[in-house]
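Descriptive analysis of the structure
If you want the building blocks of each chain, they are given just below.
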Amino acid sequence: MPVEFNPCATAARRTLLLGAGALGIAVVAGCGDDDSPAPGAAGGSGGASSAPAPAPTTGNPFDDTAGASGGGGAQVPSNALVATGEVPVGGGIIVKDTVLVIQPAKGTFKAYDAACPHEGAIVDPPYDGNQIIQCPRHNSKFKVADGSWVSGPAPRGLKGIKVEVKSGYVVRS
Ligand code: FES
């Protein structure tokens, strides 16, 4: 006999036991992530996924998809590229898919246009103190120190971007 069941009829998690004693199969239909009532659960209709929520973002100021937050958080400089703590010492990070920010030594930051001068592929950030920035497409290599060309088909080095540290962020200067 079919039974209609709407697991999202209430905000609380519901557990439906089928054949509880004999089979011990539990079907969990969750409208929230835990046993506590979901705040503002009225807006939860249409949430088809019961998968865990994705990890919160790191507050990357390049996340243009976040939309206006209305403030209230930490004050991020308007020209911020990335929080200093997100750039590994001896390595780098690509921000906004266009800028390579590196920290060759603790507290020293540099930035380059991440587009390879050959055909525009985004270069790989250096890591583990490696002094070479490499393009993954045709293997051009550039110096971490100044972005200059070392080898490969790229006709020139990486274009430098002037940066400084302000309020805990690497910002365009
Ligand atoms: S695109 Fe970088 S080496 Fe060709």
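What counts as what
- Residues numbered from 1 in each chain as written.
- Predicted model: local features only at pLDDT ≥ 70, side-chain atom pairs only at ≥ 80, totals over all residues.
- Heavy atoms only, no water.
- Helix = DSSP H or I, 4+ residues; strand = E, 2+ residues; numbered from the N terminus.
- Buried < 20%, exposed > 50% of the residue type's maximum accessible area, 1.4 Å probe, protein only.
- Areas by Shrake-Rupley, 256 points an atom, 1.4 Å probe, with all protein chains shown as cover.
- Core = buried A, V, L, I, M, F, W, Y, C linked by side-chain atoms within 4.5 Å.
- Contact = heavy atoms within 4.5 Å.
- Pairing = 2+ DSSP bridges.
- pLDDT = per-residue confidence, 0-100.

This part covers the overall build of the protein chain. Helix and strand counts for the protein chain come out as 0 helices and 12 strands. Reading the protein chain from its N end, one meets helices and strands in the order β-β-β-β-β-β-β-β-β-β-β-β. Across the 173 residues that make up the protein chain, the buried fraction comes to 23%. Accessible area for the protein chain stands at about 11,100 Å²; split by element, carbon and sulfur atoms hold 54% of it.

Take the nonpolar core next. In terms of nonpolar packing, the biggest core is built from 13 residues, with Leu100, Val123, Ile133 and Phe142 touching the most fellow members. Non-local contacts of valine 123, meaning those with residues more than four positions away in its chain, are made with Ile94, Leu100, Ala114, Cys116, Ile133, Gln134, Cys135, Pro136, Phe142 and Leu158. Counting residues in hydrophobic clusters, the runner-up holds 11 residues, among them Val82, Ala111, Ile161 and Val163.

Further remarks concern the pairing of strand S12 (residues 169–172). Summarising the sheet, strand S3 (residues 80–83) and S12 pair through 3 bridges and their orientation is antiparallel. Bridging from a neighbouring strand, alanine 83 pairs with tyrosine 169 of S12.

In this structure, alanine 83 sits in strand S3. Residues within four places of alanine 83 in sequence aside, it is in contact with Gly168 and Tyr169.

Glancing now at the sheet that holds strand S10 (residues 160–161). Overall, antiparallel pairing links the 4 strands, which are arranged S4-S5-S6-S10 in an open sheet. Every other strand in the sheet has two partners, leaving strand S4 (91–95) and S10 as the edge strands with one partner each. Here 5 bridges tie strand S5 (residues 99–105) to strand S6 (residues 108–113), and the two strands are oriented antiparallel to one another. When the bridges of S6 are listed, leucine 100 appears paired with tyrosine 112.

Here valine 163 shows up in strand S11 (residues 163–166). Judged by its relative accessible area of 18%, valine 163 is buried. Sequence-distant contacts of valine 163, defined by excluding residues within four places in its chain, comprise Leu81, Phe109, Lys110, Ala111, Val170, Val171, Arg172 and Ser173.

The next subject is the confidence of the model for the protein chain. Confidence along the protein chain averages 73 in pLDDT terms, with 57% of residues attaining 70 or more. Overall, residues 1–59 carries pLDDT values under 50, and its contacts beyond four positions in sequence, including any with other chains, amount to 32 contacts. Overall, residues 64–71 carries pLDDT values under 50, and its contacts beyond four positions in sequence, including any with other chains, amount to 1 contact.

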